[in-house]
Amino acid sequence: MAMKIEKNFQVQEPVEKVWAFLCDPRKVATCVPGAQITEQVDEKTYKGTVSVKVGPSVTDYRGEVEIVRLDALNHEIELLGKGQDVRGRGSASLKMSGRLRTMPDGGTEVTSVSELSVVGILAQMGARVITEVSNIMFDQFSKNFQARLRQPSEQSEPPAPTQVEPIKASSLAWEAAKGLLRKKS
Amino acid sequence: MIHKTSPEVGGMGHPIKRKEDLRFIQGKGNYVDDVHLPGMVYGQLVRSPYAHARLKSINTEQAKKLPGVLAVITGEDLAKANLAWMPTLSYDKQMVLATGKVLFQSQEVAFVVAEDRYTAADAAELVAVEYEELPVLVDPKKALDPDSPVLREDREQKNNHIFHWEVGDRNATEQVFQNAAVKASVQAFFQRCHPAPLETCGCVVDFNRATGKLTVYMTSQAPHAHRTVFALVGGIPEQNIRVISPDIGGGFGNKVPVYPGYVCAIVASLTLGVPVKWIETRSENLQSTGFARDYHMTAEIAADRDGKMQALRVKTLADHGAFNAAAQPTKFPAGLFSICTGSYDYPTAFCEVDGVYTNKAPGGIAYRCSFRVTEAAYLIERVVDVLALELKMDPAELRRKNFIPASKFPYKSSLGWTYDSGNYEAAMKLALDKIGYAQLRKEQQERRKKGELMGIGISSFTEIVGAGPAHTFDILGIKMFDSCEIRVHPTGKAIARMGTKSQGQGHETTYAQIVAQELGIPAADVSVEEGDTDTAPYGLGTYASRSTPTSGAATAVAARKIRDKAKKIAAYLLECSENDLEWEPGKFFVKGAPSKAKTIQEIAFAAYTNIPPGLEAGLEAVDYYDPPNLTFPFGTYVCVVDIDKGTGEVKVRRFVAVDDCGNIINPMIVEGQIHGGLTEGLGIAFMQQIDYDESGNVQGGSFQDYLLPTAVETPHWETDKTCTPSPHHPFGAKGVGESPNVGSPAAFVNAVVDALSHLGVKHIDMPIAPWKVWNILKEKGITS
């Protein structure tokens, strides 16, 4: 299944600082729940993993992220991520374009458009909640993103790869259910 | 006229309790998964997450290293034994395990064998398969585009078209349409649904290296046919194959095809020399085994202004998925779909069907239906209602006007079938009277004035079942006769064995009742055995409502052969001529001297102890029955619905089902069959669809999304019957198991459309979920 997700949030940091952070997939990955970068292949390509736990089964996507376009002048970036589940249960791909804009108050607005495509068991079982799950992941991402930006610059070096907690299924399902209910009321 | 036996004998017409239920209600049934053999190991399939992808590599090393894993079989391994592909029931072939590429999500890619089920499942996750994704085709219309990728590279024909089939007179039909005063048409999609039997498919394969005997316990509706397929495909001598179909927890057509899992388990047992069990999970069953329907249909009627139908034209696109694994007789690629003229007297008709390949699970099986008859009945009953709307005529009146009159039977339809018998008007009259049709129409008028939504739906269906005459019907060349062998023991008890196989139909009871009727041996004294190919006579199995028309007939004929011999023995015992004897169920007596009699039990004893000179010992017979024609059960169903304007929820207020299946063996079992089939029809009409998203992901691949009606959703069913015996069947029966599934979807949909027809609604595709109705109500400004 394929879906398009548009997100928009603001951070109280200058645009150049946000841009520097956004251009480093190693840093950005630390904000994605359940994700980590394991290897840099070349200047634009990185290898990494994302774990999503749904019920009793963990889907571990292993794949690559590539920076397809980088426009420092306009602060625009385009990423392409592709991963396959290590247990052969499916794959996911993500095409994401991000854009930064300086706000009148000196902060920065981050706008992203993501096209997510999921094939396999996650797309079968989770078809009805997957949009909500993605929304929650993006919300967590933006929170993490802001938190990481606020950290002093000397600590902003990416941490060494460690065991990353997968996204929790139970809480996600609950959040998704709440999201659906909110929509209806 | 059927001679009524006493309740103790329990012949035809007695509602005796089902013999098999004694063990089922005590949890003493014996299903395939109950089979445990010493040293048995377990198989697990690795399946493709992609709907269309090239197989780049399969690495089994990690899986093989897991302690307890005995073997991992891939398509390449099978290819070495020429077993990577197997024939389907439709003269196509299907991959057992994928080689080259995969063509649908959940396709079988590898088979892991391990000492226990859990290890097998864990090891399956360790099989590393590298895929390269290919463009996916889920829309059958797009599949026919010349630009679309060719899915089946193995075929010589380089497109996705499987077959074109047509019947009737195209030009004459066209002419009638050109001059027609009134035309009505409907585009109806009969969604992909699934029989979803409560017991999934599975097998236990036991190859004995010492004896060379291969015993296959499997969920099979057609054990003999499967034995022959295994012999032909696997090159195993047929006498060394024994297929045992134990208790089956529902089949509905799903257990007719041969599935890759069976073949893999056979290969594994042959290779390892130990018994191998393979049992599907629920999702595997829903996602990979025989689906039903997926027919994109258009029907048009040309009629006079007074409602007399003149011609029917039907065009259908049939989505068969990745392999043409539809179940149907050889000469009928669209099954018996040409029964689509239904209960109506069309002077002219034309019907055409095109089959296509898509990236979906293979199938097209006959889900509680005699090969595409459900599709046909739904379509004709839907388009007749659309014509009624067009003419502003009452749908019951329109039907009455166009029914094949009772006086015209046997009736030759314009699409070539000879209907054996029927009285459609009588069945409809009974149904309408029972439900109070005239009163309901008045009520509907009043409710409409108050803004309430209520609808009445009628379906006057005709079935075509009991395939079938050998001159026309075969599957993979094997003629569609069926069989019965009866042995009467010295004490007058009997055993009967058939080529069919019950999956819940109650054969152990009904076949015994036929023997009771014909020989007067109490049904309780007759044991019925099916499903063991080493003991039962050859037959094509149970589906298409064929058991009563074929094996039921064979049972009666075999019993009559026994009666003929019993007469000779009775004449010898009574020291009279055979011509002086008269029969009543249970005994021969001398004409005019009823006290001079010999019971069937006395005769049976004599057959082993006091054999007349010149006669063989024993009392047994076998019959392979080739029916002279199919049978044509029919009925009228009437459904009343109320629609909640706020939620779009449809509530079935009443449902009257009047069935005519000819003479009835056991009225209680018939009623049970009708209840079950109506409940399935309710699920299809309102709840069920195996859908696919644009990437070929199955939507509806688990009971989370594929809903089964429970007691909560199921309304009260009111049943009744008329009786128009089949003139050619030995005891006038027609078959009934499938009528309610065939006839009911149209009744439900017609009722919903009727409730909304004053708003301009002419058709709604199934499943009619509340959101669909709600959207219509919103669009029409009925709800906000």
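Residues numbered from 1 in each chain as written. Chains lettered and ligands numbered in written order. Predicted model: local features only at pLDDT ≥ 70, side-chain atom pairs only at ≥ 80, totals over all residues.

1. Examining the overall build of chain A
As a reminder, the rule being used: In this description a helix means any DSSP run of H or I spanning at least four residues, a strand means any run of E spanning at least two, and both kinds are numbered starting from the N terminus. The exposure label follows from counting other C-beta atoms within 10 Å of a residue's C-beta, where the C-beta atoms are placed from the backbone and the thresholds are 20 or more for buried and 12 or fewer for exposed, leaving partly exposed in between.
Within chain A one finds 5 helices and 7 strands. Along its sequence from the N terminus, chain A presents helices and strands in the succession β-α-α-β-β-β-β-β-β-α-α-α. A burial count over chain A gives 31% of its 185 residues as buried.

2. What about the overall build of chain B?
To keep it simple, the criterion reads: C-alpha atoms define the radius of gyration, and 2.2 Å times the number of residues to the power 0.38 defines the globule rule. The contact criterion used here is simple: two residues whose C-beta atoms, placed from the backbone, lie within 7 Å are in contact.
Of regular secondary structure, chain B possesses 19 helices and 35 strands. Here the C-alpha radius of gyration of chain B, 27 Å, is about what a compact globule of 784 residues would show, namely 28 Å. By principal-axis analysis of the C-alpha atoms, chain B measures approximately 85 × 75 × 50 Å. For chain B, the proportion of its 784 residues judged to be buried stands at 58%. Once local pairs closer than 6 in sequence are excluded, the contacts in chain B between residues at least 24 apart make up 79%.

3. Notes on the pairing of strand β26 (residues 526-530) of chain B
Residue and element names in this part refer to chain B. Quick reminder of the rule: Note: two strands are recorded as paired if DSSP finds a minimum of 2 bridges between them. Note on handedness: a clockwise path from strand one over the helix to strand two, with the strands aimed away from the viewer, defines a right-handed crossover.
Only one face of β26 is covered, namely the one carrying V526, V528 and E530; the face carrying S527 and E529 has none of its residues buried. In the sheet, strand β25 (residues 494-498) pairs with β26 via 5 bridges, with the strands oriented parallel. The partner of I495 across the bridge, within β26, is S527. Traced from β25 through helix α14 (residues 507-519) to β26, the parallel crossover comes out right-handed.

4. Thoughts on the interface of chain A and chain B
In many reports, interface size means the accessible area that the parts give up when they come together. As a reminder of what qualifies: By the convention adopted, Pro, Cys, Tyr, Trp, Phe, Met, Ile, Leu, Val and Ala count as nonpolar, Lys, Arg, Asp and Glu as charged, and the other residues, Gly among them, as polar.
Counting residues at the interface gives 14 residues for chain A, matched by 16 residues for chain B. Per-element accounting of the side of chain A that touches chain B gives the leading share, 4 residues, to helix α3 (residues 121-125) of chain A. Here the residues of the side of chain A that touches chain B are counted per class, giving 7 nonpolar, 5 polar and 2 charged.

5. Quick look at the domain arrangement of chain B
All names here are of chain B. Short version of the rule: An automatic or database domain assignment supplies the start and end points of every domain.
According to the domain assignment, chain B contains domain 1 (21-29 + 482-625), domain 2 (32-134 + 200-248 + 255-288) and domain 3 (291-403 + 418-467 + 629-779). Using C-alpha coordinates to define each centre, domain 2 is positioned 37 Å away from domain 3. Tallying the contact residues gives 18 residues for domain 2 and 23 residues for domain 3. Of the residues forming the side of domain 2 that touches domain 3, the biggest block, 5 residues, is contributed by helix α9 (residues 282-288). Per-class residue counts for the side of domain 2 that touches domain 3 are 7 nonpolar, 9 polar and 2 charged.

6. A short note on the nonpolar core
Residue and element names in this part refer to chain B. Applicable threshold: Residues enter a nonpolar core if they are buried, belong to Ala, Val, Leu, Ile, Met, Phe, Trp, Tyr or Cys, and are joined to the set through C-beta atoms within 7 Å.
Within the largest apolar cluster, 279 residues are counted, with the highest numbers of intra-cluster contacts made by L97, V112, V515 and V638. The element best represented in this core is helix α10 (residues 373-391), accounting for 11 residues. Setting aside chain neighbours within four positions, we find V638 in contact with A431, L432, I435, Y437, I456, I458, V656 and A747.

7. Thoughts on helix α17 (residues 667-686) of chain B
Put simply, the rule is: Multiplying 1.5 Å by the helix residue count minus one yields the expected span of that helix.
End to end, α17(B) covers 28 Å across 20 residues, agreeing with the expected 28 Å (1.5 Å per residue, within 8%). With respect to burial, α17(B) is a largely interior element, 14 of its 20 residues being buried.

8. A few points about helix α11 (residues 395-402) of chain B
All names here are of chain B. Rules: The directions from the helix axis to the C-beta atoms form the arc being described.
When we look at burial in α11, the residues that qualify are P395, A396, L398, R399 and N402. Along the axis of α11, the buried residues cluster in a sector spanning 160 degrees; they form a single face. At its buried positions, α11 is contacted by β16 (309-319), α10, α12 (424-435), α13 (437-449) and β21 (453-462).

9. Focus on the environment of D659(B)
Considering the arrangement of structural elements, one finds D659(B) in strand β32 (residues 650-660). D659(B) sits 22 residues away from Y637(B) along the chain, and the two C-alpha atoms are 8.1 Å apart.

10. Digging into the sheet that holds strand β24 (residues 482-488) of chain B
All names here are of chain B. Operational definition: Orientation is described by lines fitted to C-alpha atoms, with helices fitted over the stretch in contact, and by angles between N-to-C directions that extend from 0 to 180 degrees.
Here 4 strands make up an open sheet; going across it, the order is β26-β25-β24-β30 and the pairing mixed. Each having just a single partner strand, β26 and β30 (620-625) make up the two edges of the open sheet. Between one strand axis and the next, the sheet turns by 15 degrees as a mean value, whatever way the strands run.

11. Comments concerning unusual backbone geometry
With omega at -25 degrees, the peptide bond leading from A467(B) into G468(B) counts as cis. For G468(B), the position within the fold is in the loop between β21 and β22 (474-475). Residues M766(B) and P767(B) are joined by a peptide bond in cis, for which omega reads -10 degrees. Take P767(B): it is sitting in the loop between α18 (739-756) and α19 (770-779). With phi around 55 degrees, H75(A) is a residue other than glycine that occupies positive phi space. Along the chain, the position of H75(A) falls in the loop between β4 (57-71) and β5 (76-85). Unusually for a residue other than glycine, S106(B) sits at a positive phi of about 85 degrees. In this fold, S106(B) is placed in the loop between β6 (101-102) and β7 (108-114).

12. Description of the environment of R26(A)
Locating R26(A) in the fold gives a position in helix α2 (residues 25-29). In the structure, R26(A) is positioned 22 residues away from G48(A) in sequence and 9.3 Å away in space, judged by C-alpha atoms.

13. Section: the sheet that holds strand β28 (residues 587-590) of chain B
All names here are of chain B. Pairing is antiparallel across the open sheet formed by 3 strands, whose spatial order is β27-β28-β29. At either margin of the open sheet sits one strand with a lone partner, and together these are β27 (581-584) and β29 (593-599). Looking at each pair of strands side by side, their axes are set apart by 35 degrees on average, direction ignored. Two strands pair when backbone bridges link them, and β27 and β28 are joined in this way by 4 bridges, in the antiparallel orientation. Bridge pairing in β28 places E582 opposite F589.

14. Re the confidence of the model for chain B
Put simply, the rule is: Values of pLDDT, the confidence the predictor places in each residue, fall between 0 and 100.
Averaged over chain B, the pLDDT score is 97; the fraction of residues at 70 or greater is 100%. Across the interface, the model reports ipTM at 0.81; the global pTM reads 0.94.

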